[in-house]
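# Commentary on secondary and tertiary structure
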Amino acid sequence: LKQGLESRRKARRDAEKELQKSGAGTPYPSWEALRAEEREEEPEILLTVTDTEGRTVRRIRGATGKGFHRAAWDFRWPAPEPTTLGGRTRGDFESDGGGPLALPGRYRVQLSQRIDGVESPLGEPQEFECVPLANTTLPAADRPGLVAFQAQVASLQRSALGTSRALAEATSRARHLKAALDDTPRATAAMRQEALALERRCADVSLRLEGDAFLRRRNEPTPPSLLERVSQIIDGAWTSTSAPTATHRRNAEIASGDLTRELGTLRGILADIADLERRAESAGAPWTPGRLPDWKPN
């Protein structure tokens, strides 16, 4: 990079330093300028990897300072895990994460900058080739088929983990409703019973989706949950270039069918929670997560 990327705040402060060196006064920025600095998105350098058909495979962030820098792609698709702000801290025995391996072949990478949300290219795209090391003991006879299976499992993991997060939010909404209805004079006892029933319905979904935590805490064996089946495939297949086993394929089939059923159940629970939230709002219940208060001026 001939020049580093600077935010509005850094550019202003650098200009102020130059004014101080020359002995000139430093003007105080307007509130509008400071507000714009506060809301500005930090400048970024992006390296976008695409396949031969122009489909985006991965976006990698690079250093924004002036000079030469190196950025590495691990030849994987992005991780399908739920989005977290600020990144995820992994344990000592956890893998580095990431999605399944990309198919060997030719790719293209485009360097670009993103300033205040606007992306613009830097230079021309460069082509390169991803070549397997050919050191696999049992290489997959159908490498495209292996990649297609891993992509299917990545999609399955994305939906399963997203369902788990949505279930946690639904449980929290039901519990907050239950507590709020105790502080709502106009609420009926039946409404609180509904909130309790919703909380227990969420627990039933969690039992099938995430496993039997009740028995685990008592060191009892439990049948594999939906998420455990997906994890078994990922742990055994995503770090390998061998063909998926029959167990991997069977677990994917079972998890896919189970997820279809649990999503339908959870949609019904969410609809019933929303209905109870509307009635709680009409009864004047204190605010709870997931509910926008209604206000009508006198």
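Refer to the structure above for everything that follows.
Residues numbered from 1 in each chain as written. Predicted model: local features only at pLDDT ≥ 70, side-chain atom pairs only at ≥ 80, totals over all residues. Heavy atoms only, no water.

From N to C terminus, the protein chain includes seven helices and five strands. Written out in order from the N terminus, the α and β elements of the protein chain read α-α-β-β-β-β-β-α-α-α-α-α. Taking 2.2 N^0.38 as the reference for a compact globule, 298 residues should give roughly 19 Å; the C-alpha atoms of the protein chain span a radius of gyration of 26 Å, well beyond that estimate. Over its C-alpha atoms, taken along the principal directions, the protein chain stretches across nearly 75 × 70 × 35 Å. Taking all 298 residues of the protein chain together, 32% fall into the buried category. Here the protein chain displays about 19500 Å² of accessible surface, and carbon together with sulfur accounts for 52% of that area. Taking the 45 positively charged and 43 negatively charged side chains of the protein chain as two groups, their mean positions are separated by 1 Å. (Helix = DSSP H or I, 4+ residues; strand = E, 2+ residues; numbered from the N terminus. Rg over C-alpha atoms; globule rule 2.2 N^0.38 Å. Buried < 20%, exposed > 50% of the residue type's maximum accessible area, 1.4 Å probe, protein only. Areas by Shrake-Rupley, 256 points an atom, 1.4 Å probe, with all protein chains shown as cover. Lys, Arg positive; Asp, Glu negative; His and termini not counted. Charge placed at Lys NZ, Arg CZ, Asp CG, Glu CD.)

Moving on, we come to the packing of helix α3 (residues 143-182) against helix α4 (residues 189-210). Interhelical geometry of α3 versus α4 gives an angle of 160° and a closest axis separation of 9 Å. The angle between the axes of α3 and α4 places the two elements in the roughly antiparallel class. Taken as a pair, α3 and α4 cross one another with a handedness that is left-handed. The segment α3 lies against α4, with A160, T163, S164, L167, A170, T171, A174, R175, L177, K178, L181 and D182 engaging M191, R192, A195, L196, L198, E199, C202, V205, S206, L209 and E210. Among the residues making up the contact of α3 with α4, the classes are represented as 13 nonpolar, four polar and six charged. (Axes fitted to C-alpha atoms, helices over the stretch in contact; angles between N-to-C directions. Parallel < 35°, antiparallel > 145°, perpendicular 65-115°, else oblique. Left-handed = near helix turned anticlockwise from the far one by under 90°. Contact = heavy atoms within 4.5 Å. Nonpolar A, V, L, I, M, F, W, Y, C, P; charged D, E, K, R; others polar.)

Note that an α-helix has 3.6 residues per turn; residues three or four places apart therefore point the same way. Spanning twelve residues, helix α6 (residues 226-237) covers 17 Å between terminal C-alpha atoms, matching the ideal 16 Å at 1.5 Å per step. All buried positions along α6 are accounted for by L226, L227, R229, V230, I233, I234 and A237. Projected down its long axis, α6 shows its buried positions confined to an angular sector of 160°, all on one face. The secondary structure elements touched by the buried residues of α6 are α3, α4 and α7 (246-282). (Expected span 1.5 Å × (residues − 1). Arc of directions from axis to C-beta.)

As a further point, take the nonpolar core. Membership of the largest hydrophobic core comes to 33 residues, with the highest contact counts inside it found for L226 and I269. Where this core is concerned, the elements lending two or more residues are α3, α4, α6 and α7. A total of ten residues in this core trace back to one element, the largest contributor, which is α3. With residues near it in sequence (within four places) discarded, I269 still touches L198, R201, C202 and V205. (Core = buried A, V, L, I, M, F, W, Y, C linked by side-chain atoms within 4.5 Å.)

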